[in-house]
Amino acid sequence: NAGVMQNPRHLVRRRGQEARLRCSPMKGHSHVYWYRQLPEEGLKFMVYLQKENIIDESGMPKERFSAEFPKEGPSILRIQQVVRGDSAAYFCASSPPPGQLQETQYFGPGTRLLVL
Amino acid sequence: AQKVTQAQTEISVVEKEDVTLDCVYETRDTTYYLFWYKQPPSGELVFLIRRNSFDEQNEISGRYSWNFQKSTSSFNFTITASQVVDSAVYFCALSEARTGTASKLTFGTGTRLQVTL
């Protein structure tokens, strides 16, 4: 029973490039969340998605960041024209559908993004 | 707005000592959930416990125990007879309880626990 999977685990980009982070939720989970952890800080919520639908993007920066969770395939967090301040660990979490302990989110191992 | 405060930035104990990690939260919701997660040096986040706001029973799981007190808005975590493998950053988190859909987690800044021999 595989947990939440994220890839890549480490990603290095130069300023101005694009970063694509992937997340496959646990089997049976239809809710996906993205969080960002800056060095020596706690996790900050970015976006919450269900299949083909963004539910809450109140934590997403207004520019350069986007997220999707298509009907087929993993959820993608996309960062365009990366800057050094985007360097962080990006965690994905998933939870079951409503009515099935939806309140517990299980996290993936994270993607460490380094912008040079 | 929700807020979680973990006032202890770093704690260092010697193996076999007991240690309590503090967590204080703020919310206007009458129903909510509280969580603890562990982040070991390898970096992943490990779920430890979820507590519903309407259930104030304390919980024990092996060497871990949690003390939920609604009156003081606290959800403290105690490790009994600490071990080196307990060394990690521990995060307390809070979420609303919404019917039919999930809710984002609000995290504290974490407490780094260092257990030495």
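Residues numbered from 1 in each chain as written. Chains lettered and ligands numbered in written order. Predicted model: local features only at pLDDT ≥ 70, side-chain atom pairs only at ≥ 80, totals over all residues. Heavy atoms only, no water.

Another point: the overall build of chain A. A count of helices and strands for chain A gives zero helices and eleven strands. Reading the secondary structure of chain A in the N-to-C direction produces β-β-β-β-β-β-β-β-β-β-β. Computed over its C-alpha atoms, the radius of gyration of chain A comes to 14 Å, within 12% of the 13 Å expected for a compact globule of 116 residues. Seen along its three principal axes, the alpha-carbon backbone of chain A occupies a region of about 45 × 25 × 25 Å. Relative to its 116 residues, chain A shows a buried fraction of 47%. Intrachain contacts of chain A at a sequence separation of at least 6 include 53% that bridge at least 24 residues. Averaged over its 16 positive side-chain charges, chain A has a centre that lies 8 Å from the centre of its 11 negative ones. (Helix = DSSP H or I, 4+ residues; strand = E, 2+ residues; numbered from the N terminus. Rg over C-alpha atoms; globule rule 2.2 N^0.38 Å. Buried < 20%, exposed > 50% of the residue type's maximum accessible area, 1.4 Å probe, protein only. Contact = heavy atoms within 4.5 Å. Lys, Arg positive; Asp, Glu negative; His and termini not counted. Charge placed at Lys NZ, Arg CZ, Asp CG, Glu CD.)

Turning next to the side chain of Thr111(B). Residue and element names in this part refer to chain B. Mapped onto the elements of the fold, threonine 111 is located in strand β12 (residues 111–116). Separated by 2.6 Å, the side chain of threonine 111 and the backbone oxygen of glutamine 8 make a polar contact. Look past the residues within four positions of threonine 111 in its chain and what remains in contact with it is Gln6, Gln8, Thr9, Ile11, Leu21, Ala88, Val89 and Tyr90. (Polar contact = N/O pair within 3.5 Å; in protein donor to acceptor, adjacent residues only side chain to side chain.)

In total, this model carries 19 aromatic pairs over all chains according to the counting rule given. Each ring, one from Tyr33(A) and one from Tyr48(A), has its centre 4.7 Å from the other, and the planes form 15 degrees; the classification is stacked. Highlighted residues: Tyr33(A) in strand β4 (residues 31–37) and Tyr48(A) in strand β5 (residues 43–50), separated in sequence by 15 residues. Of the two residues, Tyr33(A) and Tyr48(A), both sit in the buried class. Pairing Trp36(B) with Phe77(B) gives two aromatic rings, centres 5.3 Å apart and planes at 50 degrees, and the pair type is tilted. On the criterion of sequence distance, the pair formed by Trp36(B) in strand β5 (residues 32–39) and Phe77(B) in strand β9 (residues 74–79) is long-range, its members being 41 residues apart. Residue classification places Trp36(B) among the buried residues on the basis of a relative accessible area of 0%. One aromatic cluster is present, formed by Tyr35(A), Phe45(A), Tyr106(A), Phe107(A), Phe35(B), Tyr37(B), Phe47(B), Phe91(B) and Phe107(B) through successive ring pairs. (Phe/Tyr/Trp six-rings, centres within 6.5 Å; stacked < 30°, edge-to-face > 60°.)

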